[in-house]
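# Breakdown of the fold
If you want the building blocks of each chain, they are given just below.
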Amino acid sequence: MAILTIIGGGAWGSALANLATKKGNQVHLWSRRSSFELESVITSTDIVVSAVSMKGVAATVDRLLATNLSPNTIIVTVTKGLDPATTNTPSQIWQTAFPHNPIVVLSGPNLSEEIRQGLPAATVAASFDLSAAKQVQNIYSSEIFRVYVNQDPLGTELGGTLKNVFAIAAGVCDGLQLGTNAKSALLTRALPEMIRVGVRLGAQAETFYGLSGLGDLLATCNSSLSRNYRVGFRLSQGKSLEEILQELQSTAEGVNTTNVLIDLANQRGIEVPVSRQVYRLLNGEITPEQAVLALMERALKPEI
Ligand SMILES: NC(=O)c1ccc[n+]([C@@H]2O[C@H](COP(=O)([O-])OP(=O)(O)OC[C@H]3O[C@@H](n4cnc5c(N)ncnc54)[C@H](O)[C@@H]3O)[C@@H](O)[C@H]2O)c1
Ligand SMILES: O=P(O)(O)OC[C@H](O)CO
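Residues numbered from 1 in each chain as written. Chains lettered and ligands numbered in written order. Predicted model: local features only at pLDDT ≥ 70, side-chain atom pairs only at ≥ 80, totals over all residues. Heavy atoms only, no water.

## Side note on the overall build of the chain
- The number of helices and strands found in the chain is 14 helices and seven strands.
- Taken over the C-alpha trace, the chain has a radius of gyration of 19 Å; the compact-globule value for 304 residues is 19 Å, and the two agree within 12%.
- Taking the principal axes of its C-alpha atoms as reference, the chain extends roughly 60 × 35 × 35 Å.
- A buried classification covers 53% of the 304 residues belonging to the chain.
- In the chain, 69% of the contacts between residues at least 6 apart in sequence involve partners at least 24 apart.
- Accessible area of the chain: about 13800 Å², with a carbon and sulfur share of 51%.
- Once the 24 positive and 25 negative side-chain charges of the chain are each reduced to a mean point, those two points are 2 Å apart. (Helix = DSSP H or I, 4+ residues; strand = E, 2+ residues; numbered from the N terminus. Rg over C-alpha atoms; globule rule 2.2 N^0.38 Å. Buried < 20%, exposed > 50% of the residue type's maximum accessible area, 1.4 Å probe, protein only. Contact = heavy atoms within 4.5 Å. Areas by Shrake-Rupley, 256 points an atom, 1.4 Å probe, with all protein chains shown as cover. Lys, Arg positive; Asp, Glu negative; His and termini not counted. Charge placed at Lys NZ, Arg CZ, Asp CG, Glu CD.)

## So, the nonpolar core
- Grouped together as the largest cluster of nonpolar side chains are 45 residues, with contacts concentrated most on Phe 166, Val 231, Leu 235 and Leu 282.
- Counting only elements with at least two residues in this core, the list comes to helix 7 (153-175), helix 8 (180-200), helix 9 (211-221), helix 10 (227-236), helix 11 (241-248), helix 12 (253-268) and helix 13 (273-282).
- Every residue in contact with Val 231, bar those within four places of it in the chain, is listed here: Leu 241, Ile 244, Leu 245, Leu 248, Ala 252, Val 255 and Leu 282.
- Ranked by size, the runner-up nonpolar core spans 27 residues in total, among them Ile 47, Val 78, Leu 106 and Ile 139. (Core = buried A, V, L, I, M, F, W, Y, C linked by side-chain atoms within 4.5 Å.)

## Quick notes on the site of ligand 2
- In the region of ligand 2, the neighbouring residues are Lys 80, Gly 108, Pro 109, Asn 110, Leu 111, Lys 163, Asp 216, Thr 220, Leu 225, Ser 226, Arg 227 and Asn 228.
- Ser 226 is positioned such that a nitrogen or oxygen atom in its side chain is 2.6 Å from an oxygen atom of ligand 2.
- Contact with the protein chains hides 92% of the accessible area of ligand 2, taken as 300 Å² for the molecule alone.
- The pocket occupied by ligand 2, as judged from atoms lying within 2 Å of grid points, is the largest pocket.
- For the shell around ligand 2, the secondary structure elements donating two or more residues are helix 9 and helix 10. (Near = heavy atom within 4 Å. Polar contact = N/O pair within 3.5 Å; in protein donor to acceptor, adjacent residues only side chain to side chain. 1 Å grid on protein atoms, 1.4 Å probe; cavity = no way out; pocket = protein on both sides within 12 Å on 5 of 7 lines; lining within 4 Å. Sits in = over half its atoms within 2 Å of the grid points.)

## A word on unusual backbone geometry
- A positive phi angle, close to 65 degrees, is found at Thr 87, a residue other than glycine.
- In this structure, Thr 87 sits in the loop between strand 4 (74-77) and helix 4 (90-97).
- For Gln 177, which is not a glycine, the phi torsion comes out positive at approximately 55 degrees.
- Summarising the element assignment, Gln 177 is placed in the loop between helix 7 and helix 8.
- For Gln 177, a relative accessible area of 71% puts it in the exposed group.

## Regarding the sheet that holds strand 5 (residues 103-107)
- The seven strands are arranged 2-1-3-4-5-6-7 in an open sheet whose pairing can be described as mixed. Among the strands making up the open sheet, the edge pair consists of strand 2 (26-30) and strand 7 (145-150). Across the sheet, the mean angle separating the axes of adjacent strands is 25 degrees when strand polarity is ignored.
- Here strand 3 (residues 47-50) runs beside strand 4; their pairing, made up of four bridges, is parallel. Looking across to strand 4, one finds that Val 48 is bridged to Ile 75.
- Across the sheet, helix 9 touches strand 5, strand 6 (121-126) and strand 7, and the angle it forms with strand 6 is around 145 degrees. (Pairing = 2+ DSSP bridges. Axes fitted to C-alpha atoms, helices over the stretch in contact; angles between N-to-C directions.)

## As for the site of ligand 1
- Within the structure, ligand 1 sits among 22 residues, and Trp 12, Ser 112, Arg 227, Thr 251 and Glu 253 are positioned closest to it.
- One of the backbone nitrogen or oxygen atoms of Gly 10 is found 3.0 Å away from an oxygen atom of ligand 1.
- At 3.2 Å from an oxygen atom of ligand 1 is found a main-chain nitrogen or oxygen belonging to Ser 53.
- Computed on the free molecule, ligand 1 has an accessible area of 830 Å², of which 86% lies beneath the protein chains in the complex.
- One can see that ligand 1 is located within the largest pocket.
- Listed by contribution, the elements that provide at least two residues to the shell around ligand 1 are helix 1 (11-22) and helix 3 (57-65).
- Across the shell around ligand 1, the residue classes break down as seven nonpolar, 11 polar and four charged. (Nonpolar A, V, L, I, M, F, W, Y, C, P; charged D, E, K, R; others polar.)

## Considerations on the pattern of salt bridges
- The full count for this structure, using the stated rule, is 10 salt bridges.
- The partner of Glu 39 in a salt bridge is Arg 63, and the shortest N-O contact between them spans 3.2 Å. One end of the pair, Glu 39, is in helix 2 (residues 39-42); the other, Arg 63, is in helix 3, and 24 residues separate them in sequence.
- Residue Glu 39 is classed as partly exposed on the basis of its relative accessible area of 32%.
- By sharing partners, the salt bridges in this structure join Glu 37, Glu 39 and Arg 63 into a single network. (Salt bridge = Lys/Arg side-chain N within 4 Å of Asp/Glu carboxyl O.)

In structure tokens form, the structure reads like this:
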């Protein structure tokens, strides 16, 4: 049995708290509205899970820096986003702030609503520190949640983060009723685009073929449970982004991720054709139909 403190009481933090509690662990679920102080539970904590949205990562890091967290405590990050100021991933931010703590990325095709319903799912615990990843694997593995490990935290994290951009595109594709051929083409071309970005940032290409890359891409791009997919679907119905985000009342990380990704691609000269059309659509530069046409009329090229 381990003692976990989960920071962030949103959809995913709550689902992760339930999974760990059902395995017999002691779980403190802390959010900004909690009636207890973070300090009061942190010294006895074996594992801290950060389940806040990207916009809350910096504040959460500061909050934890103000406690006396032991360097032995494993920090697990599940946020799927990029920092607009630095383009860093959450695990990079955590590692910089806590250089002596093991940092583990937990990411995979994990729509929280399905997990809340007790449906089976698999995921990846990734860390440079394999023993820390294995501890997280043991704590979270159950008959409904199968956890694999790897040693590519950046690739694991970028798979979960970048797929949100394509989930928006997939929602547009389905909303416009473009058909199965178009959807298959979109998802297939999304994967090399994710790998191109990931490898340039230092991730391993193979990681993107696993659960945290292809797996999460398939889950998110094919489910109306995905908030990013829903953003794309509603854009295709002519709603404004502002209106959609207002109705959503929850986090769709793909909107911020698209903007950061395009900054990054421009700085480093990375070719990201699908993401670029998602960017133009989100920023009101083109209509969904124009985005599709722009992709179809690109200069012809070899497949690989
Ligand atoms: N919901 C899912 O299916 C799922 C699955 C895997 C990963 N994720 C990722 O987990 C993260 C959280 O997603 P969610 O679905 O729980 O979102 P959510 O919108 O339900 O909850 C977001 C949480 O972040 C907290 N937060 C935001 N700003 C904060 C701040 N400044 N300080 C402290 N806390 C702050 C909120 O209080 C809330 O608890 C996202 O990055 C998401 O991509 C979600
Ligand atoms: O609801 P979304 O689009 O944030 O997707 C949730 C998870 O990332 C799916 O793995």
